[in-house]
Amino acid sequence: PFDAVILLAASYGRGAEPPSATLAANVLFPLGLLERAIAAKVPAVLHADTCFTPSYQYLRPYTLSKKQLAAWGRTLADGTATRFVNLVLQHPYGPGDRPGKFVPGMIRECLDSTGDIALTLGEQRKDFVYAGDVAAAFLAVLNNLDKLPPGGTDLECGTGAAVSIREFVEAIHRLTASRATLRFGALPYRAGEIMLSEANPTALRALGWAPTVSLEDGLWRTLREDFGRG
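Throughout what follows, the structure given in this document is the object of discussion. (Residues numbered from 1 in each chain as written. Predicted model: local features only at pLDDT ≥ 70, side-chain atom pairs only at ≥ 80, totals over all residues. Heavy atoms only, no water.)

**Some points on unusual backbone geometry**
Positive phi, close to 60 degrees, is recorded for lysine 41, a residue that is not glycine. Looking at where lysine 41 falls in the secondary structure, it is placed in the loop between α1 (19-39) and β2 (44-50). Backbone geometry at alanine 177 places phi at a positive 50 degrees, although glycine is not the residue there. Within the secondary structure, alanine 177 is located in the loop between α5 (165-175) and β10 (181-184). Under the relative-accessibility criterion, alanine 177 is labelled exposed at 61%. (Helix = DSSP H or I, 4+ residues; strand = E, 2+ residues; numbered from the N terminus. Buried < 20%, exposed > 50% of the residue type's maximum accessible area, 1.4 Å probe, protein only.)

**Some words on the side chain of asparagine 26**
Its location among the elements puts asparagine 26 in helix α1. Looking at asparagine 26, the relative accessible area reads 1%, which means it is buried. Aside from chain neighbours lying at most four places away, what touches asparagine 26 is Ala9, Ala10, Ser11, Tyr62, Ser65, Lys66 and Leu69. (Contact = heavy atoms within 4.5 Å.)

**Concerning the sheet that holds strand β8 (residues 152-157)**
Taken in spatial order, the four strands line up as β1-β2-β3-β8 in an open sheet, and their pairing is parallel. Lying at the two open borders of the sheet, with one neighbouring strand each, are β1 (4-7) and β8. This sheet shows a mean twist of 20 degrees between the axes of neighbouring strands, independent of strand direction. Here six bridges tie strand β3 (residues 83-89) to β8, and the two strands are oriented parallel to one another. Within β8, the residue paired with leucine 87 across the bridge is leucine 155. Of the strands in this sheet, β1, β2 and β3 touch α1, which is tilted by about 170 degrees from β1. Seen against the sheet, helix α4 (residues 131-142) touches β1, β2, β3 and β8 and runs at an angle of roughly 160 degrees to β3. (Pairing = 2+ DSSP bridges. Axes fitted to C-alpha atoms, helices over the stretch in contact; angles between N-to-C directions.)

Given below as structure tokens:
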């Protein structure tokens, strides 16, 4: 028998993908797995949730679908032998990420561009957490299920120390020795922009977890493994 089911697959709903496809991937498919896990009395189902909020219009169908699954998980696990653990991830980054996402995209732009890079003012503060530390958080949960209450539990996964987008991009610019010019303020903020996103990892730390990779070290590892730098 399985000790746990971990729900990591997700559709972001980018491009021409309709909301119905995002719903199918992020709610209907994992909901079926959750039902089977509960029926089989699997001890735990872990779900990777997003720190985005539905008021933020960027990728709204994705955000809404993740929150819907979290609600279903808490509801269905109530009164069963299966714990539903909803890990609300802040902003994971690290080697092997999809090229079109923010961090690898910004690294590539800093490496390749010699002109201007248009950016917002960069005042948004985000909690960037290294992917290896996120994986360690899942392991900490799996190793300490007996310390969690029955039913549904929400845990926030992040360093607890947000940095501004400006600081983050400037760090990438410096580490890549980029010749591009960063134009902060050249782009407007998105509708409903989240200006502060930061975890409260107290509950996760009580399970023995703590982030171990600093922001600079994490960026160096990403540069070395994905871009052959460093």
